[in-house]
Amino acid sequence: GFAGAKVVCAADKPVADWTAADRETLLDATASLLEELDGAMYTGCDMNTTPAMMQSLHDRCGGRYVLAALANETCCPNTATAAGVLGAVTACVDGDVRGKTFVVHGCGGVGGAVAAGLVELGAASVKTVDLDLKRAAIPGCEVLDPEAKWWAVDCDALVPCSASGVLTAERASELICRSVVGASNLPFASVEARRVAEARCVVAPEGVTSAGAVIVDSIEHYAPLNFREAPPSKVYDFTFEAVRAKTDELLAAAAADGVSPTVAIPLVEEADPRRIGERYSSWLATDARDRVGGFLQE
């Protein structure tokens, strides 16, 4: 139900060096922009933001223009993104992660949940990479040296969940994974880097694979009553299945036409006229599972 756009702050110093006052300035400027757009744009959590910041922005906007699972505190946007990535990864490895090997680059709120989820789903080996070695130390995972060639590890899927541009053309030329599928926005440093990677493996477009939080935003917006009462596991299940199904469809279309999944995106335009959030209520009514716990249950 949403088109893609991002609010990007061009700062003159690294985010790590920001003061509390800097963050307040950012929130004030963002609120002013959203008010000016008057509902043409909504925003939510992304890199370097937190649910608390989104709540503050929500308050600044008079309770409008912010969707970040604020109406259901038990549901986490980062975990929802991870659920979608896990669905996409599952599609990229023929429907079952069991017995497969994965490298997860970036173990923050999204990557950490992806790595833990892969372990729970029965992956044979999950290797994690993060500049913060403590974040990479996820139970059941093998921590790789972030200074080593993590992109050149033989695996079924390389799962980038970190900053943009981590895969340069040189690094892409050394890939020996079967697929690249993750949560990073623009994981390739250039068009050439993506082209090189696509010549070596399947590259699942991040616009599909990282859609989990946006799907949750759509549920929050178009099915607010169900969302407020939703157990997190149901929301994550819905997100997992929606992204897995769309990735399956995209990979099949790409294979049929002999093109990359990125080129095949127009071939899988959604046939269902309902927005994704509007489908949650009917999915919930037909979902017979009664999950307690689960690999993404908080």
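See the structure above.
Just so you know, these numbers come straight off a predicted model, no measurement behind them.

Caption draft 1: Geometry of the overall build of the protein chain. On a plain count of helices and strands, the protein chain comes out with 13 helices and six strands. Its C-alpha atoms give the protein chain a radius of gyration of 19 Å, within 12% of the compact-globule value 19 Å for 298 residues. If one aligns the C-alpha atoms of the protein chain with their principal axes, the spans along those axes are about 50 × 50 × 40 Å. Counting across all 298 residues of the protein chain, residues that qualify as buried make up 47%. Here the analysis covers contacts within the protein chain between residues at least 6 apart in sequence; of these, 61% occur between residues at least 24 apart. The protein chain carries 25 positive and 41 negative side-chain charges, and their two centres are separated by 3 Å.

Caption draft 2: A look at the pairing of strand β2 (residues 125–129). Judged by how many residues are buried, β2 sits mostly within the fold: five of five residues are covered. Of the two faces of β2, both are covered, the one formed by Ser125, Lys127 and Val129 as well as the one formed by Val126 and Thr128. As paired elements, strand β1 (residues 101–105) and β2 share five bridges and run parallel to each other. Pairing of Val104 across the sheet is with Thr128, part of β2. A crossover links β1 with its parallel partner β2, the connecting element being helix α4 (residues 111–120), and its sense is right-handed. Where β2 and strand β3 (residues 142–143) come together, two bridges link them in parallel fashion. When the bridges of β3 are listed, Thr128 appears paired with Val143.

Caption draft 3: Structural context of the nonpolar core. Ranked by internal contacts, the top residues of the largest apolar core, which has 47 residues, are Val89, Phe102, Val104, Val114, Leu118, Val159 and Ile219. Every element with two or more residues in this core is listed here: α3 (77–92), β1, α4, β4 (157–160), α9 (212–222), α11 (232–257) and α13 (276–286). When residues in this core are grouped by element, the largest group, eight residues, is from α3. In this structure Val114 touches Ala82, Val85, Leu86, Val104, Val159 and Cys161, once residues within four positions along its chain are discounted. Among the nonpolar cores identified, the runner-up in size contains 20 residues, and Leu167, Ala193, Val196 and Val203 belong to it.

Caption draft 4: Highlighting helix α7 (residues 191–198). Looking only at α7, the buried set comprises Ala193, Arg194, Val196 and Ala197. Seen from one end, α7 has its buried residues packed into an arc of 160 degrees, which puts them on one side. Check the buried side of α7 and you find it contacts α6 (169–172), β6 (202–203), α8 (206–209) and α12 (261–264).

Caption draft 5: Here's a closer look at the side chain of Ser184. One can find Ser184 in the loop between β5 (179–180) and α7. Sequence-distant contacts of Ser184, that is, excluding residues within four places in its chain, are made with Pro160, Cys161, Ser162, Ala163 and Glu206.

Caption draft 6: Here's a closer look at α4. Buried residues dominate α4, accounting for seven of its ten residues. The secondary structure elements touched by the buried residues of α4 are α3, β1, β2 and β4. Two residues or fewer after α4 comes Gly122, characterised by a positive phi angle close to 100 degrees.

Caption draft 7: Highlighting unusual backbone geometry. In this structure, Tyr65 takes a positive phi of about 70 degrees despite not being glycine. Locating Tyr65 in the fold gives a position in the loop between α2 (51–60) and α3. Of note in the backbone geometry, Leu186 takes a positive phi value of approximately 50 degrees without being a glycine. In this structure, Leu186 sits in the loop between β5 and α7.

Caption draft 8: Fine view of the pattern of salt bridges. For the coordinates displayed, the defined rule picks out 19 salt bridges. Here Glu206 makes a salt bridge to Arg194, at a shortest N to O gap of 2.8 Å. Taken as a pair, Glu206 in helix α8 and Arg194 in helix α7 lie far apart in primary sequence, twelve residues in all. One exposure class covers both Glu206 and Arg194, and it is buried. Here the salt bridges do not stand alone but share partners, grouping Lys246, Glu249, Glu270, Asp272, Arg274 and Arg279 into one network.

Caption draft 9: Examining the packing of α3 against α9 more closely. At a closest axis distance of 6 Å, the pairing of α3 and α9 adopts a crossing angle of 120 degrees. The angle between α3 and α9 places the two elements in the oblique class. Handedness of the crossing formed by α3 with α9: right-handed. Across the interface between the two elements, Pro77, Ala80 and Thr81 from α3 touch Gly212, Ala213 and Val216 from α9. Grouping the amino acids of the contact of α3 with α9 by side-chain chemistry returns four nonpolar, two polar and no charged.

Reading the values: the criteria
- The numbering scheme is per chain: residues are counted from 1 as the chain's sequence reads.
- The predicted nature of this model means local features are confined to residues of pLDDT at least 70 and side-chain atom pairs, given and counted, to a pLDDT of 80 or more, with totals for whole chains, interfaces and linings taken over all residues.
- Only hydrogens and water are removed before side-chain values are computed, so all heavy atoms of the structure are retained for them.
- Counting from the N terminus, the helices are the DSSP runs of H or I reaching at least four residues and the strands are the DSSP runs of E reaching at least two.
- Just to be clear, the radius of gyration here is over C-alpha atoms, and the globule rule we use is 2.2 Å times residues to the power 0.38.
- Between buried and exposed lies partly exposed: a residue is buried under 20% and exposed over 50% of the maximum accessible area for its type, with that area taken using a 1.4 Å probe on protein chains only.
- Any two residues whose heavy atoms approach within 4.5 Å at even a single point are treated as in contact.
- Charge convention: Lys and Arg are scored as positive, Asp and Glu as negative, and His as well as the terminal groups of each chain are ignored.
- Every charge is mapped onto a representative atom, which is NZ of Lys, CZ of Arg, CG of Asp or CD of Glu.
- In this scheme, strands are said to pair when DSSP sees at least two bridges between them.
- Consider the strands pointing away from the viewer: the crossover is right-handed when the path from the first strand over the helix to the second runs clockwise.
- Nine residue types can take part in a nonpolar core, namely buried Ala, Val, Leu, Ile, Met, Phe, Trp, Tyr and Cys, and a core is a set of them joined through side-chain atoms within 4.5 Å.
- Comment: arc refers to directions from the helix axis out to C-beta atoms.
- Salt bridges are defined by distance alone: a side-chain nitrogen of Lys or Arg within 4 Å of a carboxyl oxygen of Asp or Glu.
- Axes here mean lines fitted to C-alpha atoms, for a helix over just the part in contact, with angles spanning 0 to 180 degrees between N-to-C directions.
- Just so you know how the angles are binned, under 35 degrees is roughly parallel, over 145 roughly antiparallel, 65 to 115 roughly perpendicular, and the rest oblique.
- In a left-handed crossing the near helix is turned counterclockwise from the far helix by less than a right angle, and in a right-handed crossing that turn is clockwise.
- Classes in brief: Ala, Val, Leu, Ile, Met, Phe, Trp, Tyr, Cys and Pro nonpolar; Asp, Glu, Lys and Arg charged; the others, Gly included, polar.

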